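Examination of the molecular architecture
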Amino acid sequence: MLYFFQAEDGIRDRSPSRGLGDVYKRQVIMTCHKYNDALPIAIKSIFNQTYSNIQFIFVDDFSPIEDIKNYDKLLSDKNIIRIRMKENSGTYACRNAGLERAEGEYVTFADSDDWVHPDKISNSIGVMINENADLVCGRYIRMGFDGAIKWNGIRFARFALM
């Protein structure tokens, strides 16, 4: 089943525990190859989610050593799972490496140059629970550091799997 959601759904952390105890039930996998100026914003947007008990998995796609030093500053929390690929393998191989470590009930992905709306996980999981859906899909928009929406010549918004 495929469902769409809107940010105004207002659903908050209502997911039932399915026998997972203290295991993180929601996991965010972010892949990154080379440090970029948007990375601190992207990581902060994951930690600022309204949904609780999120496990963050950061997969480094064999970035240069200088970039790892920058990652160390941003990823100092001991609860963050960090994976470093043995060679540059591409986003999908990195996502698969993150999925191999994921133990939660729900998994989503975030790009290293994207700000994620604080209610994204809450709304997505709310729809999955309320509609008994296996997957949700939403829209994303491109924005500049100044907050202005960027026009890509085709349309303002695109669909993305959540």
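Preceding this section is the structure that the text describes.
Residues numbered from 1 in each chain as written. Predicted model: local features only at pLDDT ≥ 70, side-chain atom pairs only at ≥ 80, totals over all residues. Heavy atoms only, no water.

**Some words on the environment of Val-107**
Residue placement: Val-107 occurs in strand β5 (residues 106–111). Judged by its relative accessible area of 28%, Val-107 is partly exposed. A sequence separation of 52 residues divides Val-107 from Gln-55, and the C-alpha atoms of the two residues are 9.4 Å apart. (Helix = DSSP H or I, 4+ residues; strand = E, 2+ residues; numbered from the N terminus. Buried < 20%, exposed > 50% of the residue type's maximum accessible area, 1.4 Å probe, protein only.)

**Structural notes on the nonpolar core**
Among the nonpolar cores identified, the biggest contains 23 residues, and Met-30, Phe-56 and Phe-58 are the most heavily contacted of them. The set of elements that each furnish at least two residues to this core consists of β2 (26–32), α1 (39–47), β3 (54–60), α2 (65–74), β5 and α4 (120–130). Those residues in contact with Phe-58, other than ones at most four positions away along the chain, are Met-30, Cys-32, Leu-39, Tyr-71, Leu-75, Ile-80, Ile-81, Arg-82 and Ile-83. (Core = buried A, V, L, I, M, F, W, Y, C linked by side-chain atoms within 4.5 Å. Contact = heavy atoms within 4.5 Å.)

**Focus: a nonpolar patch on the surface**
A surface patch of nonpolar side chains, about 370 Å² in accessible area, is lined by Ile-41, Trp-115 and Phe-145. Inspection of the secondary structure assignment puts Trp-115 in the loop between β5 and α4. (Patch = residues over 30% accessible without salt bridge, like charges linked within 9 Å, V, L, I, M, F, W, Y side chains within 5 Å. Areas by Shrake-Rupley, 256 points an atom, 1.4 Å probe, with all protein chains shown as cover. Salt bridge = Lys/Arg side-chain N within 4 Å of Asp/Glu carboxyl O.)

**Notes on the packing of aromatic side chains**
Overall, the coordinates contain 3 aromatic pairs when judged by the stated rule. The interplanar angle of 65° and the centroid separation of 5.4 Å between the aromatic rings of Phe-47 and Phe-56 together place this pair among those described as edge-to-face. Judged by centre distance (6.4 Å) and plane angle (45°), the rings of Phe-56 and Phe-58 are tilted. Grouping aromatic residues by their ring pairs yields a cluster made of Phe-47, Phe-56, Phe-58 and Tyr-71. Positioned above the aromatic ring of Phe-109, the side-chain terminus of Arg-95 is 4.6 Å from the ring centre. (Phe/Tyr/Trp six-rings, centres within 6.5 Å; stacked < 30°, edge-to-face > 60°. Lys NZ or Arg CZ within 6 Å of the ring centre and 35° of its normal.)

**A word on the layout of surface pockets**
Each pocket or cavity is described by its volume, and for the second largest pocket that value is around 210 Å³. The wall of the second largest pocket is formed by Thr-31, Cys-32, His-33, Asp-61, Asn-88, Gly-90, Thr-91, Tyr-92, Cys-94, Arg-95, Asp-111 and Ser-112. Secondary-structure elements contributing two or more residues to the lining of the second largest pocket are β2 and α3 (91–101). Looking at side-chain class alone, the lining of the second largest pocket contains 3 nonpolar, 6 polar and 3 charged residues. (1 Å grid on protein atoms, 1.4 Å probe; cavity = no way out; pocket = protein on both sides within 12 Å on 5 of 7 lines; lining within 4 Å. Points joined across faces, edges and corners; volume = space filled by probe spheres on them. Nonpolar A, V, L, I, M, F, W, Y, C, P; charged D, E, K, R; others polar.)

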